[in-house]
Amino acid sequence: MTHAPLPAKTQRSEPEFVPSAIELERRGYRHARKRRSVLVSIASTLVFAGVFALVLVNSPGWDAVRETFFDPAIAVEAFPRVIKGLWLNIQVLFVAAIGVAILGTLLAIARTLKGPVFTPLRLVAAGYTDLFRGIPVLLVLYLVGFGIPGLELTGRLPAQFWGTVALILCYSAYVSEVLRAGIDAVHPSQRLAARSLGLSHAKTLRLVVMPQAVRKVTPALMNDFVSMQKDVGLISVLGAVDAIRAAQIEVASSYNFTPYVLAGLLFVLLSLPFIRLTDWLTARAQRREQIGGVV
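About the thresholds
Residues numbered from 1 in each chain as written. Predicted model: local features only at pLDDT ≥ 70, side-chain atom pairs only at ≥ 80, totals over all residues. Heavy atoms only, no water. Helix = DSSP H or I, 4+ residues; strand = E, 2+ residues; numbered from the N terminus. Rg over C-alpha atoms; globule rule 2.2 N^0.38 Å. Buried < 20%, exposed > 50% of the residue type's maximum accessible area, 1.4 Å probe, protein only. Contact = heavy atoms within 4.5 Å. Areas by Shrake-Rupley, 256 points an atom, 1.4 Å probe, with all protein chains shown as cover. Lys, Arg positive; Asp, Glu negative; His and termini not counted. Charge placed at Lys NZ, Arg CZ, Asp CG, Glu CD. Axes fitted to C-alpha atoms, helices over the stretch in contact; angles between N-to-C directions. Parallel < 35°, antiparallel > 145°, perpendicular 65-115°, else oblique. Left-handed = near helix turned anticlockwise from the far one by under 90°. Nonpolar A, V, L, I, M, F, W, Y, C, P; charged D, E, K, R; others polar. Core = buried A, V, L, I, M, F, W, Y, C linked by side-chain atoms within 4.5 Å. Polar contact = N/O pair within 3.5 Å; in protein donor to acceptor, adjacent residues only side chain to side chain. Phe/Tyr/Trp six-rings, centres within 6.5 Å; stacked < 30°, edge-to-face > 60°. Patch = residues over 30% accessible without salt bridge, like charges linked within 9 Å, V, L, I, M, F, W, Y side chains within 5 Å. Salt bridge = Lys/Arg side-chain N within 4 Å of Asp/Glu carboxyl O.

Visitor: Outline the overall build of the protein, supporting the account with residue identities and numerical values.
Guide: From N to C terminus, the protein includes eleven helices and zero strands. Its C-alpha atoms give the protein a radius of gyration of 28 Å, clearly above 19 Å, the size a compact globule of 295 residues would have. Seen through its principal axes, the protein has C-alpha atoms that stretch 100 × 65 × 45 Å. With 295 residues in all, the protein has 30% of them scored as buried. Across the protein, contacts joining residues at least 24 apart in sequence account for 73% of those joining residues at least 6 apart. About 19,600 Å² of surface is accessible on the protein, with carbon and sulfur atoms providing 67% of the total. Distance between charge centroids for the protein: 13 Å, based on 30 positive and 18 negative side chains.

If you want it as structure tokens, here you go:
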């Protein structure tokens, strides 16, 4: 005896959400306010730019400044050599960023170690950060770039090598303090929970504490990276033919300061993506904090 197939269960469809008239009115009001704010911002920016341009163009010495700093022909002629020097800056920045990340992390961990046996490490790390945060980057470049080669401990090395070493020494001190603040901001219960699960101190630091610490201080780390990106141009004082030194050579040959402006614009274009990324990360962290999300 065959049984008739059971009828399939009918799925109850949820009613579609329809906003009320009051909600639609609120949305329209917010949209109108946002559109008005955008229009006001654009108008005020255009007015400010127009006034600035009028004052600049009508100034008595504008013609001389334009010929000395904004000569398109000289900029086009100097562009190949300046962009070649900028590539050296990018290479130094890449290596220095890796070195700063490694050394800064080690210093931050050393400063957060507990127990009397680690006192020498904490003192050395604290003295290091105090020293290199207090000395200007330019002086460190001079001391490292001209002092260490004078000891004749190694063969002749290029100027960009010593410039990279100086940048790592300086910025690892700043980054270590930022990371240390992030490590201290992680609640102690996170460590206790990880240790209760059987994780060692090293695994707790690597798998639990450091990921949260880095996420908390990512905007500050990005600001340090942008600052280092600008200071990479200081390696020219050691003789490295980077964008700044290439522009200086062009200025000496043409008696015109346009190559300096060109180099500055290239550095700005190089840093803009990271500046916008920093702003986006900062805004996202603020939104998470305001809505009570996990930071």
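There's plenty left to go through after this.
Visitor: For the packing of helix α3 (residues 72-112) against helix α9 (residues 218-231), give the residues involved together with the corresponding values.
Guide: With their axes 10 Å apart at the nearest point, α3 and α9 run at an angle of 140° to one another. In terms of their interaxial angle, α3 and α9 are classed as oblique. For the pair α3 and α9, the sense of crossing is right-handed. Every residue of α9 that contacts α3 at Leu93, Ala96, Ala97 and Val100 is listed here: Phe225, Met228 and Gln229. The residue inventory of the contact of α3 with α9, partitioned by class, reads six nonpolar, one polar and no charged.

Visitor: I'd like to hear about the nonpolar core, residue by residue, with values.
Guide: The biggest cluster of nonpolar side chains holds 40 residues, and the ones touching the most others in it are Leu167, Tyr171 and Met228. Among the elements that make up this core, the one with the highest residue count is helix α6 (residues 159-185) (twelve residues). When residues no more than four places from it in sequence are discounted, the contact partners of Met228 are Leu93, Ala96, Ala97, Val100 and Tyr171. By size, the runner-up hydrophobic cluster in this structure holds nine residues, among which are Ala78, Leu86, Ala247 and Leu266.

Visitor: Any chance you could break down the environment of Gln229 for me, citing the residues and the numbers?
Guide: Residue placement: Gln229 occurs in helix α9. For Gln229, a relative accessible area of 1% puts it in the buried group. C-alpha of Gln229 to C-alpha of Phe267: the two residues are 38 residues apart in sequence and 8.2 Å apart in space. Setting aside residues up to four positions removed in sequence, Gln229 forms contacts with Leu93, Phe267, Leu270, Ser271 and Phe274. Polar contacts involving the side chain of Gln229 include one to the main-chain carbonyl oxygen of Leu270, which spans 2.9 Å.

Visitor: Just give me the short version of the packing of aromatic side chains, but keep the residues and values in it.
Guide: For the structure shown, the criterion picks out eight aromatic pairs. A ring pair is formed by Tyr142 and Phe146, whose centres lie 5.9 Å apart and whose planes are at 20°; its orientation type is stacked. Of this pair, Tyr142 and Phe146 both sit in helix α5 (residues 137-150), four residues apart, which is roughly one turn of that helix. Each residue in the set Phe69, Phe257 and Tyr260 is aromatic and connected to the rest through ring pairs, giving one cluster.

Visitor: Go over unusual backbone geometry with me, naming the residues and quoting the values.
Guide: Outside of glycine, negative phi angles account for most residues, and trans bonds account for most peptide bonds. A positive phi angle, near 55°, is found at Glu152, a position not held by glycine. Although it is not a glycine, Tyr255 adopts a positive phi angle of roughly 55°. The residue Tyr255 is located in the loop between α10 (243-254) and α11 (258-291) in this model. Given a relative accessible area of 72%, Tyr255 falls into the exposed group.

Visitor: Before we move on, can you summarise the packing of helix α8 (residues 201-216) against α9 with the specific residues and values?
Guide: Interaxial distance between α8 and α9 falls to 5 Å at its minimum, and their mutual angle equals 65°. Of α9, the residues touching α8 (which contributes Val214, Arg215 and Lys216) are Thr218, Pro219 and Leu221. Residues belonging to the contact of α8 with α9 are distributed by class as follows: three nonpolar, one polar and two charged.

Visitor: Pulling in residues and values, what's your account of a nonpolar patch on the surface?
Guide: A surface patch of nonpolar side chains, amounting to about 420 Å² of accessible area, comprises Val65, Phe69, Phe70, Phe257 and Tyr260. Mapped onto the secondary structure, Tyr260 falls in helix α11.

Visitor: Can you tell me about the pattern of salt bridges, naming the residues and giving the values?
Guide: One pass over the structure, following the stated rule, counts nine salt bridges. With a shortest N-O distance of 3.6 Å, Arg133 and Asp130 are connected by a salt bridge. Here Arg133 pairs with Asp130, and both are found in helix α4 (residues 119-134), just three residues apart, close to one helical turn. For Arg133, a relative accessible area of 36% puts it in the partly exposed group.

Visitor: Give a detailed account of the side chain of Asp242, specifying residues and quantitative values.
Guide: Here Asp242 shows up in the loop between α9 and α10. Buried charge without a salt bridge: Asp242, with Arg245 as the nearest opposite-charge side chain at an N-O distance of 5.9 Å. Among the polar contacts listed, one links the side chain of Asp242 to the side chain of Asn89, at a separation of 2.9 Å. Filtering out sequence-adjacent residues up to four positions away, Asp242 remains in contact with Gly85, Leu86, Leu88, Asn89, Val232, Gly233, Ile235 and Ser236.

Visitor: Account for a positive patch on the surface, with residues named and values stated.
Guide: A contiguous patch of positive charge on the surface is contributed by Arg215, Lys216, Arg284 and Arg287. Note that Arg284 resides in helix α11.

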